Amino acid sequence: MAKSLGLPSNLDKLHEWASLHNIYIATENFDLELWGYATKSDYDSYLVLINNRLCYEMQQKVLMHELVHILKHSPGSHPIYKDQYDIEKEADELAEKIIKEASG
């Protein structure tokens, strides 16, 4: 699953891979209602912000979820009929599969 999205199969190399693809990852102290989000800059790079109040395992899930959005749901990459719920559900499911595969 990871390879089909172009992600490294070794999740330990995820931050290195992201940096090489102009995706920058940082943590912030958000309220617990906000787990994380990704935003695209005017310079074709992305910033993924993750809530540092989450446990490490949950931060990894949120990171993978946001990377799925960047790789699969960026503007123009998904059918116009998909609503936000479907996109979020798909990102959650793919993130879970990728993490499960990587855990072996």
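Residues numbered from 1 in each chain as written. Predicted model: local features only at pLDDT ≥ 70, side-chain atom pairs only at ≥ 80, totals over all residues. Heavy atoms only, no water.

Trainee: I'd like to hear about the packing of helix H2 (residues 56-72) against helix H3 (residues 84-103), residue by residue, with values.
Mentor: The contact between H2 and H3 brings their axes to 8 Å, and the two run at 120 degrees. Relative to H3, the element H2 is oriented oblique. Considering the relative orientation of H2 and H3, their crossing is right-handed. Where H2 approaches H3, its residues Gln60, Lys61, Met64, His65, Val68, His69 and Lys72 are matched on the opposing element by Ile87, Glu88, Glu90, Ala91, Asp92, Leu94, Ala95, Glu96, Ile98 and Ile99. (Axes fitted to C-alpha atoms, helices over the stretch in contact; angles between N-to-C directions. Helix = DSSP H or I, 4+ residues; strand = E, 2+ residues; numbered from the N terminus. Parallel < 35°, antiparallel > 145°, perpendicular 65-115°, else oblique. Left-handed = near helix turned anticlockwise from the far one by under 90°. Contact = heavy atoms within 4.5 Å.)

Trainee: If you had to explain H3 to someone new, which residues and values would you point to?
Mentor: Here H3 is 20 residues long and its end C-alpha atoms lie 29 Å apart, about the 28 Å a rise of 1.5 Å per residue gives. Turning to H3, its buried residues are Ile87, Glu90, Ala91, Leu94, Ala95, Ile98 and Ile99. Here the buried residues of H3 occupy an arc of 155 degrees about the axis, which is enough to place them on one side. Pointing more than 90 degrees away from the buried face of H3 are the exposed residues Tyr85, Lys100 and Ser103. Structurally, H3 contributes buried residues whose contacts are with H2. Gly104 lies just past H3 and shows a positive phi near 75 degrees. (Expected span 1.5 Å × (residues − 1). Buried < 20%, exposed > 50% of the residue type's maximum accessible area, 1.4 Å probe, protein only. Arc of directions from axis to C-beta.)

Trainee: An account of the sheet that holds strand S2 (residues 36-40) is requested, with residue identities and associated values reported.
Mentor: If you walk across this open sheet you meet the three strands as S1-S3-S2, and the pairing is mixed. In this open sheet, the two strands that pair with only one neighbour each are strand S1 (23-28) and S2. Here the average twist between neighbouring strands, direction ignored, is 20 degrees. Of the strand pairs in this sheet, S1 and strand S3 (residues 46-51) are connected by six bridges, and their pairing is parallel. Its bridge partner being in S3, Ala26 is matched across the sheet by Leu49. Taken strand by strand, H2 contacts S1, S2 and S3, and its axis lies near 155 degrees from that of S3. (Pairing = 2+ DSSP bridges.)

None of this, on its own, says anything about what the molecule does.
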